Amino acid sequence: MNLAAIRAIYIFEMSRTFRTIWQSLVSPVLSTSLYFVVFGTAIGSRIETVEGVSYGAFIVPGLIMLTVLQQSVANAGFGIYFPKFVGTIYELLSAPVTVLEIVIGYVGAAATKALMIGLIILATSTFFVDIRIAHPVWMLAFLVMTSFSFAMLGFILGIWAKTFEQLNLVPMLLITPLVFLGGSFYSISMLPPVWQTITMFNPVVYLISGFRWSFFGLADVPVAASLAAISVFAGLCLLAIWAIFRTGWRLRT
Amino acid sequence: MSSIVSVTGLRKTYAGGFQALKGVDLEIAEGEVLALLGPNGAGKTTLISTICGISTITEGAITVGGHDVVRDFRAARNMIGLVPQELHVEGFESVFSTVRFTRGLFGKRRDDALIEQILRDLALWDKRDERIMALSGGMKRRVMIAKALAHEPRILFLDEPTAGVDVELRQSMWEVMRGLKARGVTIILTTHYIEEAEAMADRVGVINKGELLLVEETGTLMRQMGKKTLTVELGAPLEALPPALARDGIVLGPDGASLIYSYDTAARQTGITDLLADIRGAGLQMVDLHTTQSSLEDIFVGLVKGGRR
Ligand SMILES: Nc1ncnc2c1ncn2[C@@H]1O[C@H](COP(=O)(O)OP(=O)(O)O)[C@@H](O)[C@H]1O
Ligand SMILES: [Mg+2]
């Protein structure tokens with residue numbers, strides 16, 4: 001294992017994050033606060049509780065997930081797209097590093113940043129609502145698994161994308177709707193039966209459900225199903241990345 | 001000769017179907033400077049890219065230090081430093097951190113003293129904390145060289161290192177190359193400048209249209225392939241070439257005031273003695289004589305036009 005290379009990539013990526021730390025943090029914190037004002041206050045005043053949890057608190061896990069998914073995809077996507085764009089990718093391709101080392105470096109850094117932002121949002125939310133976390137270790141575990149697996153998805157997107165537009169489009173067209181329709185702001189049980197069935201094909205449902213369970217002990221799907229879904233998703237991403245480097249797709253000429 | 005880089009039967013076909021290398025065989029000796037000469041699109045960059053792992057190999061094999069560059073890529077790439085043709089830099093990074101990054105990428109322990117030395121050698125030490133985007137083109141190229149040297153490679157690939165740089169910078173790059181060569185680093189450079197190959201290279205390889213036409217020691221190449229030209233200035237101009245002097249390689253110079261005779265230095269009989277005797281026999285007066293050696297450029301143009309030797 002070329003640990004020095006992993007370290008170099010990780011530090012390089014994190015220093016890029018810290019150069020723009022204020023942009024990185026201000027925007028998610030601000031938008032989360034807005035969500036609280038709009039959803040928590042306006043809608044919350046009508047719904048009050050969902051399955052015994054105050055609506056304001058109920059949406060916290062979904063809000064965190066929304067940002068963590070967006071951030072991990074965007075960070076990892078940009079992280080690998082940028083060297084492709086400016087041409088410095090040559091260095092990565094000619095270095096004595098394996099796929100795994102490259103992925104750990106880039107995905108690790110992107111996931112770290114997403115994780116930090118997720119925790120900051122959690123901290124922000126305590127200014128608006130009372131939060132008790134039933135299973136803190138599981139909460140962290142879900143957060144970590146989600147950050148890493150979606151950072152891998154972002155990494156794939158970054159390799160696939162040929163333009164900045166493509167890089168930005170997919171998270172917007174894919175991730176955001178999946179999260180909104182994945183029960184971030186409502187319980188699946190509140191939907192009509194047909195929609196409940198359709199929703200089950202949305203992988204994000206399993207993430208949010210498991211994550212919410214770690215807070216309040218209540219879930220739309222069994223926790224085991226959530227864990228299985230994340231594992232399968234992470235496995236598929238890893239397989240895809242391995243195949244990409246193996247064939248050199250969009251990387252090697 | 002023990003080869004440090006060995007290329008056998010290398011073919012490269014790009015995704016679009018274009019065949020950029022058509023069976024290249026090349027042995028590079030440890031410690032030598034090899035210049036690859038060839039017109040644009042000859043396949044120089046492609047050859048370097050396949051050795052360094054940027055491009056995939058369609059057919060054939062490459063070993064570096066005895067390690068197959070695909071199967072044993074880690075060991076092979078550890079030995080190689082690459083300075084690509086295009087300027088690729090991370091504009092927001094500082095000079096020092098980008099060089100340190102490369103060293104890390106190659107699995108080497110952090111060594112700031114070594115990086116300081118590299119930056120000093122390349123006259124970049126004053127710029128170590130500058131963002132790369134604030135540097136001139138020449139400095140950016142030196143930053144890329146510094147990156148390539150950061151992990152102390154035994155083989156350095158320089159793809160057109162002095163293209164588009166001013167004379168002063170070219171001289172300083174040559175100094176850097178000589179310093180590396182003195183330390184035993186094997187250098188492969190591609191260039192358009194014949195004088196660069198003549199000045200720097202132990203051997204010259206000529207590539208055209210994906211084929212390596214020849215690899216030869218620079219001096220030998222000059223001698224073997226070199227044509228010399230003998231110019232005989234005449235006392236009185238001639239209307240036409242006298243039949244007695246007619247032979248291969250002779251023409252009448254401008255205004256008929258001189259005879260220009262091209263001959264092969266490698267040939268057993270240059271024909272000079274006969275020619276001079278015939279000139280005297282024809283009763284012509286010789287005012288002056290001089291010879292010129294053709295440059296590598298002439299050789300190169302001749303080769304590319306004539307195809308494989
Ligand atoms: N990625 C690529 N895809 C298709 N053709 C390419 C690619 N890169 C180079 N070529 C073609 O291969 C040939 C050799 O290119 P190159 O190795 O860059 O030549 P040189 O470095 O000698 O100028 C050229 O005709 C070029 O157009
Ligand atoms: Mg080239």
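Computed from a predicted structure; not experimentally measured.

As a further point, take the overall build of chain A. On a plain count of helices and strands, chain A comes out with eleven helices and two strands. Taken from the N to the C terminus, the helices and strands of chain A come in the order α-α-β-β-α-α-α-α-α-α-α-α-α. Its C-alpha radius of gyration of 19 Å places chain A within 12% of the 18 Å reference for a compact globule of 253 residues. Dimensions of chain A, computed from the C-alpha atoms along their principal axes, are close to 60 × 40 × 35 Å. The contacts of chain A with a sequence gap of at least 6 include a subset with a gap of at least 24, amounting to 79%. With the model as given, the accessible surface of chain A reaches about 11,100 Å², and the carbon-plus-sulfur share is 72%.

Within the structure, ligand 1 sits among Thr253 of chain A together with Tyr14, Phe18, Ala20, Pro39, Asn40, Gly41, Ala42, Gly43, Lys44, Thr45 and Thr46 of chain B. Nearby residues place ligand 1 at the junction of chains A and B. Take Gly43 of chain B: an N or O atom from its main chain is 2.9 Å from an oxygen atom of ligand 1. A distance of 2.5 Å separates an oxygen atom of ligand 1 from a polar atom in the side chain of Thr46 of chain B. Look at ligand 1: alone it shows 560 Å² of surface, and the protein chains cover 66% of it. With three residues, the single largest contributor to the shell around ligand 1 is helix α1 (residues 44–52) of chain B. Grouping the amino acids of the shell around ligand 1 by side-chain chemistry returns five nonpolar, six polar and one charged.

A complete count under the given rule lists six cavities of 30 Å³ or more for this structure. As for the largest cavity, its lining consists of Phe12, Pro83, Thr88, Ile89, Glu91, Leu92 and Tyr106 of chain A together with Glu90, Thr98, Phe101, Leu105 and Lys147 of chain B. Where the lining of the largest cavity is concerned, the elements lending two or more residues are α5 (89–93) of chain A together with α3 (95–105) of chain B. When the residues that make up the lining of the largest cavity are grouped by side-chain class, the tally is seven nonpolar, two polar and three charged. Computed from the structure, the second largest cavity encloses a volume of approximately 80 Å³. Among the secondary structure elements, those contributing two or more residues to the lining of the second largest cavity are α5 of chain A together with β6 (80–83) and α5 (137–149) of chain B.

Tetrahedral metal sites with four donors have an ideal angle of 109.5 degrees; octahedral sites with six donors have ideal angles of 90 or 180 degrees. Coordination sphere of the magnesium ion (ligand 2), protein contribution only: Thr45 of chain B (OG1) and Gln85 of chain B (OE1), at 1.9 to 2.1 Å. Taken together, the residues span a long stretch of sequence, with Thr45 of chain B in helix α1 and Gln85 of chain B in the loop between β6 and α3 at a distance of 40 residues.

A few words on the confidence of the model for chain B. Taken residue by residue, chain B gives an average pLDDT of 90. The fraction at 70 or more is 94%. Across the interface, the model reports ipTM at 0.87; the global pTM reads 0.85.

Here the structure, examined in full by the defined rule, presents 20 aromatic pairs over all chains. On the numbers, 6.4 Å between centres and 50° between planes, the contact of Tyr35 of chain A with Phe180 of chain A is tilted. Of this pair, Tyr35 of chain A sits in helix α2 (residues 21–47) while Phe180 of chain A sits in helix α8 (residues 164–180), and the two are 145 residues apart along the sequence. You can call Phe180 of chain A partly exposed: its relative accessible area is 27%. A ring pair is formed by Phe215 of chain A and Phe216 of chain A, whose centres lie 5.8 Å apart and whose planes are at 45°; its orientation type is tilted. The same class applies to Phe215 of chain A and to Phe216 of chain A, which are both buried. In this arrangement the basic side chain of Arg212 of chain A is found over the ring face of Phe58 of chain A, its NZ or CZ atom lying 3.7 Å from the centre. One cation-aromatic arrangement involves Arg128 of chain B over Trp125 of chain B; the distance from NZ or CZ to the ring centre is 4.1 Å.

This part takes up the packing of α2 of chain A against helix α4 (residues 60–86) of chain A. The relative placement of two packed helices comes down to the angle between their axes together with the axis-to-axis distance. Residues and elements named next belong to chain A. Where α2 meets α4, the axes come as close as 11 Å, and the angle between the chain directions of the two elements is 150°. Between α2 and α4, the crossing angle belongs to the class labelled roughly antiparallel. Classified by chirality, the crossing of α4 by α2 is right-handed. Contacts between α2 and α4 involve Pro28, Thr32, Tyr35 and Phe36 from the first element and Val60, Leu63, Leu66, Thr67 and Gln71 from the second.

Let us now look at the sheet that holds strand β4 (residues 59–64) of chain B. Residues and elements named next belong to chain B. Pairing in this open sheet of four strands is antiparallel, and the strands run β2-β1-β4-β5 from one edge to the other. Edge positions in the sheet fall to β2 (19–29) and β5 (67–68), since each has one partner strand and no second. For strand β1 (residues 3–13) and β2, the ladder comprises eight bridges, and the chain directions are antiparallel. Paired with Thr13 across the strands is Gln19, a residue of β2.

About the criteria used
Residues numbered from 1 in each chain as written. Chains lettered and ligands numbered in written order. Predicted model: local features only at pLDDT ≥ 70, side-chain atom pairs only at ≥ 80, totals over all residues. Heavy atoms only, no water. Helix = DSSP H or I, 4+ residues; strand = E, 2+ residues; numbered from the N terminus. Rg over C-alpha atoms; globule rule 2.2 N^0.38 Å. Contact = heavy atoms within 4.5 Å. Areas by Shrake-Rupley, 256 points an atom, 1.4 Å probe, with all protein chains shown as cover. Near = heavy atom within 4 Å. Polar contact = N/O pair within 3.5 Å; in protein donor to acceptor, adjacent residues only side chain to side chain. Nonpolar A, V, L, I, M, F, W, Y, C, P; charged D, E, K, R; others polar. 1 Å grid on protein atoms, 1.4 Å probe; cavity = no way out; pocket = protein on both sides within 12 Å on 5 of 7 lines; lining within 4 Å. Points joined across faces, edges and corners; volume = space filled by probe spheres on them. Donors = N, O, S within 2.8 Å, 3.2 Å for Na, K, Ca; no water. pLDDT = per-residue confidence, 0-100. Phe/Tyr/Trp six-rings, centres within 6.5 Å; stacked < 30°, edge-to-face > 60°. Buried < 20%, exposed > 50% of the residue type's maximum accessible area, 1.4 Å probe, protein only. Lys NZ or Arg CZ within 6 Å of the ring centre and 35° of its normal. Axes fitted to C-alpha atoms, helices over the stretch in contact; angles between N-to-C directions. Parallel < 35°, antiparallel > 145°, perpendicular 65-115°, else oblique. Left-handed = near helix turned anticlockwise from the far one by under 90°. Pairing = 2+ DSSP bridges.

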